[in-house]
Amino acid sequence: MNEVNNSNALHRSAPLAKQRGAIHYREGGALMNEVNNSNALHRSAPLAKQRGAIHYREGGALMRHRCFGRSISRKLAAAVMAVSLLAGQMLPVMAAEDTGNAASVKSNGASATEKEVTLRVCSWEEYIDEGGWDEDEALELDNGTTIFGENSMVEDFENWYYENYGVKVNVQYSCFGTNEDLYNMLTLGDVYDLVCPSEYMIMKLMSENKLEPLSDGFFDENNDKNYYINGVSPYIRDTFETHEINGETWSKYAAGFMFGITGILYNPEKMTADEAGTWTVLNNPKFAKQITIKDNVRDSYFAAVGALQRDKLMDTEFRAQDDYSEQLKDIMNDVSPETIAKSQDLLQDIKDNVYSFETDSGKADMITGKVVANYQWSGDAVYAMDQAEEDGVKLDFAVPEECTNLYFDGWVMLKNGIDGDADRKQAAEAFINFVSRPDNAVRNMYYIGYTSVIAGGDDDTVYSYLDYTYGAEDDEEDVVDYPLGYFFTGDNSDPDYVLRAPAEQVNRQLGAQYPSQDAIERSAVMEYFDEDATKDINQMWINIRCYNIKDVPTWAWFIVAAVIGALAGVIVYHKRSKKFYLGK
């Protein structure tokens, strides 16, 4: 084992909207070679579900830019794109508008000499709407917006960019399976302009000075084409603006795409909400061999620290402090030798208590009833709850009362890809803005299932989709008010963003996909570990996963001691014999 994480594939599956929305299944695993890989997101074939009708999109065949990791032929992809671009020449050209720091371009029509920009994008497999929706998948929202993916999001962007800027953009869309795949691709010389890694990989790339900063124009709120800055959730925006790497904020380089949290998926007939709502459930002997935990060091370490620091994290005075969030982040990212040693001891005990460490099997084990609880990412939890319902089983999701891990994927531009090209940078920023347009954010949520960081600003399309997916029917009786103002406007008391939802949804799909403000306030991002911390935690994980010294029985120690004693005796005897012989 080179690195401990080689054996620990991490996968977060997409959240699934209940009945009225979309169900998307993401399965997979990948080998990882660094401790920080454990926040990797892995996706595969999606499912779509609307009001009970399930539609399977066969292996992404509907997407013109279909990706299978690095196996996709870039030449083939480019050829296919070229065909669509020829057809696109018939599109009328509208006056260009500025979306970044590059000048707008105007054109009266297509010509053989007109400007063309190639944009190299690399993201997760099947992490963008591939189009080809069936007619009955069209979403008719209450605000009058119809969501329908006829073409792939990439093709729609190329057409939109040409219409608005008079410039052809040829998107070369590639995919990766894990964050480490992406990093290795970059290390081996692959060049991309825009990529979409997870939070810790963004931090790593920032620390290595590999990212191109977003332009000042990207943050111009007066530009109506800047959909990201005008529509990103105030909560997500604040998170990006208040977290730093080497004195620089995430927001200088990164724009969010999708996010989620971690918690405990459980069977309410076998376990109470109070029992499930704490990290200590993983070591609860009442549920010995009935719980599964993630087979990756970062998620497991986070849970261990949360359990170890339970008394501190639950202290009301601690939570009332003005810098509570900052202290919480520091506690959950503590990689001191003492904390690592304590976490190792606890995780070895947890290893003995749980049914297994798992990457993908936890969902199926919950659905079949093999286990009663599963440490899970919010996206996979929603999928499991939906699928369990199909089999007549009810599952719930609990956010540990101590704290939860906030994770996200985000768009960043690579310095060696942009390479000072203003036109390419403008196209890259325009791509971020296009996928951040509220209707496109909904398209992507519907297709891949994750929760978009986009709230919509003055456009209520995202909230209308949320109401479409989780809002209570007029004749439902057991309903609650579920405030989400913190996400949409920054004010959780905003009456315009209080969802009337079935009461059970608070601890089920709704609460997993759009956590309450209380859950969000006790969330922390697990940050990128430096080289020394990575080495120490890797060693901790090797000790846990490969060998538990506590498992050695007493009688075995006696045998070891006897063998050592015998060997020592033999050595002493031979030394004395040699000395006697030489003396003689």
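For the structure itself, look to the data block above.
Residues numbered from 1 in each chain as written. Predicted model: local features only at pLDDT ≥ 70, side-chain atom pairs only at ≥ 80, totals over all residues. Heavy atoms only, no water.

**Student:** Would you mind showing me how to read the overall build of the protein chain here?
**Tutor:** In terms of regular secondary structure, the protein chain is built from 23 helices and 20 strands. Out of the 584 residues in the protein chain, the part that is buried amounts to 59%. When contacts within the protein chain are restricted to residue pairs at least 6 apart in sequence, those whose partners lie at least 24 apart make up 78%. (Helix = DSSP H or I, 4+ residues; strand = E, 2+ residues; numbered from the N terminus. Buried < 20%, exposed > 50% of the residue type's maximum accessible area, 1.4 Å probe, protein only. Contact = heavy atoms within 4.5 Å.)

**Student:** Teacher, can you tell me more about unusual backbone geometry here?
**Tutor:** It is generally the case that most residues other than glycine have a negative phi and that most peptide bonds are trans. Positive phi, close to 50 degrees, is recorded for Glu-126, a residue that is not glycine. Examined against the element boundaries, Glu-126 turns out to sit in the loop between strand E3 (116-124) and strand E4 (139-140). The exposure class of Glu-126 is buried, given its relative accessible area of 4%. Positioned with a positive phi, Lys-289 is a non-glycine residue whose angle comes to about 60 degrees. Relative to the helices and strands, Lys-289 is located in the loop between helix H7 (273-276) and strand E12 (291-294). Assessed through its relative accessible area of 45%, Lys-289 is described here as partly exposed.

**Student:** When you look at the packing of aromatic side chains in this model, what are you seeing that I'm missing?
**Tutor:** Describing an aromatic ring pair means giving the distance of the ring centres and the angle of the ring planes. Taken as a whole, this structure holds 33 aromatic pairs when the rule is applied. Ring centres of Trp-160 and Phe-434 lie 5.1 Å apart, and the angle between their planes is 40 degrees; on these two criteria the pair is classed as tilted. With Trp-160 in helix H2 (residues 153-165) and Phe-434 in helix H16 (residues 422-436), this pair connects stretches of sequence that are 274 residues apart. A connected cluster of aromatic rings, assembled from ring pairs, spans Tyr-127, Phe-157, Trp-160, Tyr-161, Tyr-165, Phe-257, Tyr-407, Trp-411, Phe-431, Phe-434 and Tyr-450. Sitting over the ring of Tyr-183, Lys-204 keeps its end group 4.6 Å from the ring centre. (Phe/Tyr/Trp six-rings, centres within 6.5 Å; stacked < 30°, edge-to-face > 60°. Lys NZ or Arg CZ within 6 Å of the ring centre and 35° of its normal.)

**Student:** Where do I start with the pattern of salt bridges in this structure?
**Tutor:** Side chains carrying opposite charge are able to pair once their charged atoms draw close together. Scanning the model with the defined rule gives 29 salt bridges in all. Between Lys-252 and Glu-248 there is a salt bridge; the shortest N-O distance is 2.7 Å. By relative accessible area, which is 36% here, Lys-252 ends up partly exposed. The partner of Glu-504 in a salt bridge is Arg-508, and the shortest N-O contact between them spans 3.9 Å. When its relative accessible area of 38% is taken as the criterion, Glu-504 is described as partly exposed. (Salt bridge = Lys/Arg side-chain N within 4 Å of Asp/Glu carboxyl O.)

**Student:** How should I be thinking about the nonpolar core in this particular structure?
**Tutor:** Soluble globular proteins: nonpolar side chains tend toward being buried together. Counting residues in each nonpolar core, the largest one holds 113 residues, and the members touching the most others are Phe-157, Phe-431 and Phe-488. Leaving out residues up to four positions away in the same chain, Phe-157 has contacts with Leu-119, Val-169, Val-171, Ala-427, Ala-430, Phe-431 and Phe-434. Judged by nonpolar contacts, the second largest core, of 42 residues, contains Ala-276, Tyr-301, Leu-313 and Leu-347. (Core = buried A, V, L, I, M, F, W, Y, C linked by side-chain atoms within 4.5 Å.)

**Student:** Help me understand the environment of Ala-138, please; the structure alone is not making it clear to me.
**Tutor:** With respect to the secondary-structure elements, Ala-138 resides in the loop between E3 and E4. In this structure Ala-138 comes out as buried when scored by relative accessible area, which is 19%. Along the sequence, Ala-138 and Gly-149 sit 11 residues apart, while their C-alpha atoms lie 7.9 Å from each other.

**Student:** Which parts of the structure should I look at to understand the packing of helix H17 (residues 438-448) against helix H18 (residues 461-470)?
**Tutor:** It is the contact of H17 with H18, at a shortest axis distance of 8 Å, that shows an interaxial angle of 35 degrees. Residue-level contacts link Pro-438, Asp-439, Val-442, Met-445 and Tyr-446 of H17 to Thr-461, Val-462 and Tyr-465 of H18. Of the residues belonging to the contact of H17 with H18, the class tally is 6 nonpolar, 1 polar and 1 charged. (Axes fitted to C-alpha atoms, helices over the stretch in contact; angles between N-to-C directions. Nonpolar A, V, L, I, M, F, W, Y, C, P; charged D, E, K, R; others polar.)

**Student:** For this particular structure, what's the right way to read H16?
**Tutor:** Think of an α-helix as 3.6 residues a turn; residues three or four steps apart then line up on the same face. Helix length check: H16 (15 residues) gives 21 Å between terminal C-alpha atoms against 21 Å at 1.5 Å per residue, within 8%. Among the 15 residues in H16, 13 count as buried, and that is most of the element. (Expected span 1.5 Å × (residues − 1).)

**Student:** Looking at this structure, I do not really get the pairing of strand E11 (residues 254-266). What am I missing?
**Tutor:** Note on strand geometry: in a regular strand, side chains alternate between the two faces of the sheet. Burial of E11 is extensive: 13 of the 13 residues sit out of reach of the surface. Pairing of E11 with strand E16 (residues 404-414), which is carried by 7 bridges, proceeds in the antiparallel orientation. Across the sheet, Ile-261 pairs through a bridge with Leu-406, a residue of E16. Both E11 and strand E17 (residues 451-452) contribute to a ladder of 2 bridges, which runs antiparallel. By the bridge assignment for E17, Phe-259 is matched with Thr-451. Here 3 bridges tie E11 to strand E15 (residues 396-398), and the two strands are oriented antiparallel to one another. Residue Ile-264 lies in a different strand from E15, and its bridge partner there is Ala-398. (Pairing = 2+ DSSP bridges.)

**Student:** Can you help me understand a nonpolar patch on the surface in this one?
**Tutor:** Together, Ile-559, Val-563 and Leu-567 make up a nonpolar patch on the protein surface, roughly 270 Å² of accessible area in all. With respect to the element layout, Ile-559 can be found in helix H23 (residues 554-583). According to the relative accessible area criterion, Ile-559 is partly exposed, its value standing at 46%. (Patch = residues over 30% accessible without salt bridge, like charges linked within 9 Å, V, L, I, M, F, W, Y side chains within 5 Å. Areas by Shrake-Rupley, 256 points an atom, 1.4 Å probe, with all protein chains shown as cover.)

**Student:** What's the story with helix H11 (residues 324-332) in this structure? I'm lost.
**Tutor:** Within H11, burial applies to Tyr-324, Leu-328, Lys-329, Ile-331 and Met-332. End-on, the buried residues of H11 take up no more than an arc of 165 degrees, which puts them together on one face. Looking at the buried side of H11, the elements it contacts are helix H8 (297-308), helix H9 (310-314), helix H10 (316-320), helix H21 (517-521) and strand E20 (523-524). (Arc of directions from axis to C-beta.)

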